Amino acid sequence: MLEKLNLTMLVDFYEFTMANGYFVEGFENKIAYFDMFFRKVPDDGGFAIMVGLEQLIEYIKNLKFDDEDIEYLRSKGIFNEGFLNYLKNFEFSCDVWSMPEGTPIFPMEPIVTVRGPIIEAQFIETMLLLTINHQSLIATKANRIVRAADGRNVMEFGSRRAQGYHGAIFGARAAYIAGCSGTACAISDRNYGIPALGTMAHSWVQLFDSEYEAFRSYAEIYPDNCILLVDTYNVLKSGIPNAIRVFNEVIVPKGFRPKGIRIDSGDITYLSKKARKMLDDAGFSDCTITASNSLDEYIIRDTLMQGAQIDMYGVGERLITSRSEPVFGGVYKLAAVEKDGEVIPKIKISENTAKITNPGFKQVHRLYSNETGEAIADVLTLFDEEIDDTKPYELFDPEHTWKRKKITNFTAKKLLVKVFEKGQCVYESPNVHEIKKYCAGQIEKLWDEVKRFENPHRYYVDLSPQLWALKESLLEKYSLN
């Protein structure tokens, strides 16, 4: 099975050169803290969605170097033999915290934190980023498309346009978590129980001597789930008339009702309106209309604004590749080290202020209004800090500190949960259906203004006074050097 491929060597080569250097310098047991976070929501949206933790867990559980890996590294002629022996006996022993899959996430807050020996913590960087970046990107895009459909089902149809087979499989998983009703990708149904959906292709219609014969044959085989593709030749002049004829001659006499038609080309708004009237006039008002063909959230939104009579959408390439913005910019940065049992915060400073990191071992608290249930803001704190939600709490903008707001009647929830403890998994991943339900519930708690497609309200990610003071002290310290 493809899923059993050993991915231990899927790393950037510099992770090996640094790890070798750490080993030679005697740092192999140096405890470090790394955060994964991102700086910008794709498509200038108001939020992203965290997905990919289950695959990260599986990767970490199966980390081991085989003889072929060691020989490959030895052949490079640059690695210390002691280091190669270390890799041969490699065992992951880090602690890992993560936000649960399906959680709405925002720029600059840790979504995964890793604590442990520096070689181990640094070594998983590439796969951690690859896994979380990809699925979070697709989930974020899929949810935009689902929200644009305004309650209508959206089916993920993009396998053949995905960036590789893992892109198709895990992209379907991410899309389903984010709200899609199912996928065309059969292996994702087999592996995760995501409903596999699909009917006929244009080639089926072309294979027969006539469109009518193609429809009739399909209806005879699948009378209880008959959805006909009506745009191979002419939607209004032949496709729908032939579909109605077959519904009357095959489906209804067998005691079934036709499920629907699909339109895959042309002006789907215009065609859906005409098709709806033709089907209704023929007595098939319960027959659904599905639209596909290079759709995205903007096209879907426009079709509905123009009165399209579409019940379901099949969305392919622009979802599975997040074509409008195909990169989720998650990064993995050192936040602290330990020395003599003390956590020493570290910071990265840049002329580009967006690249300045938040130092230290941190936790993320999401503050919810007890009155409305909506999320008010996220607050980054040092890990051992508590936010007392029985008392008023003052939020302040970490960049514009005069912007302050005192909140009351709220509940504070910690978002980072323990996943690995000393290398042992202590977290049980929910199934994909449970994650999907959780995701929908969490998005429901966001303000509508945050969910706008254009110019969404900026959701606040603030620093606690203690963390802000720590960051300011480090900025001042290094600015004097």
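Residues numbered from 1 in each chain as written. Predicted model: local features only at pLDDT ≥ 70, side-chain atom pairs only at ≥ 80, totals over all residues. Heavy atoms only, no water.

A.B. asks: Residues and numbers for the nonpolar core, please.
C.D. replies: By size, the foremost hydrophobic cluster in this structure holds 135 residues, and its most contacted members are L128, F247 and I261. Among the elements that take part in this core, helix α6 (residues 125–148) stands out by supplying eleven residues, more than any other. Ignoring sequence-local partners within four residues, the contact set of L128 consists of M36, L56, V112, V114 and Y332. Membership of the second largest hydrophobic core comes to nine residues, among which are L367, I376, V379 and I407. (Core = buried A, V, L, I, M, F, W, Y, C linked by side-chain atoms within 4.5 Å. Buried < 20%, exposed > 50% of the residue type's maximum accessible area, 1.4 Å probe, protein only. Helix = DSSP H or I, 4+ residues; strand = E, 2+ residues; numbered from the N terminus. Contact = heavy atoms within 4.5 Å.)

A.B. asks: Run through the packing of helix α2 (residues 53–61) against α6, naming residues and quoting values.
C.D. replies: Their axes nearest at 9 Å, the elements α2 and α6 cross at an angle of 160°. Taken together, the axes of α2 and α6 are roughly antiparallel relative to one another. The chirality of how α2 crosses α6 is right-handed. Residue-level inspection shows L53, Q55, L56 and Y59 of α2 in contact with α6, the latter providing M127, L128, T131, I132 and Q135. (Axes fitted to C-alpha atoms, helices over the stretch in contact; angles between N-to-C directions. Parallel < 35°, antiparallel > 145°, perpendicular 65-115°, else oblique. Left-handed = near helix turned anticlockwise from the far one by under 90°.)

A.B. asks: I'd like to hear about the environment of L87, residue by residue, with values.
C.D. replies: Counting through the fold element by element, L87 comes out in helix α4 (residues 81–88). Owing to a relative accessible area of 2%, L87 belongs among the buried residues under this scheme. Between the C-alpha atoms of L87 and I268, which are 181 residues apart in sequence, the distance is 57 Å. Among residues more than four places away in sequence, those in contact with L87 are F16, F65, I70 and L73.

A.B. asks: If you had to explain the pattern of salt bridges to someone new, which residues and values would you point to?
C.D. replies: For the coordinates displayed, the defined rule picks out 35 salt bridges. The partner of K61 in a salt bridge is E58, and the shortest N-O contact between them spans 4.0 Å. Here the residue K61 and the residue E58 both occupy positions in helix α2, the gap between them amounting to three residues, near one helical turn. Under the relative-accessibility criterion, E58 is labelled partly exposed at 40%. D311 is the salt-bridge partner of R276, the closest N and O atoms lying 3.8 Å from each other. With a gap of 35 residues between them, R276 in helix α12 (residues 268–281) and D311 in the loop between α13 (297–305) and β11 (312–315) connect regions that are remote in the sequence. A residue is classified by how much of its surface remains accessible, and D311, at 32% relative accessible area, is partly exposed. (Salt bridge = Lys/Arg side-chain N within 4 Å of Asp/Glu carboxyl O.)

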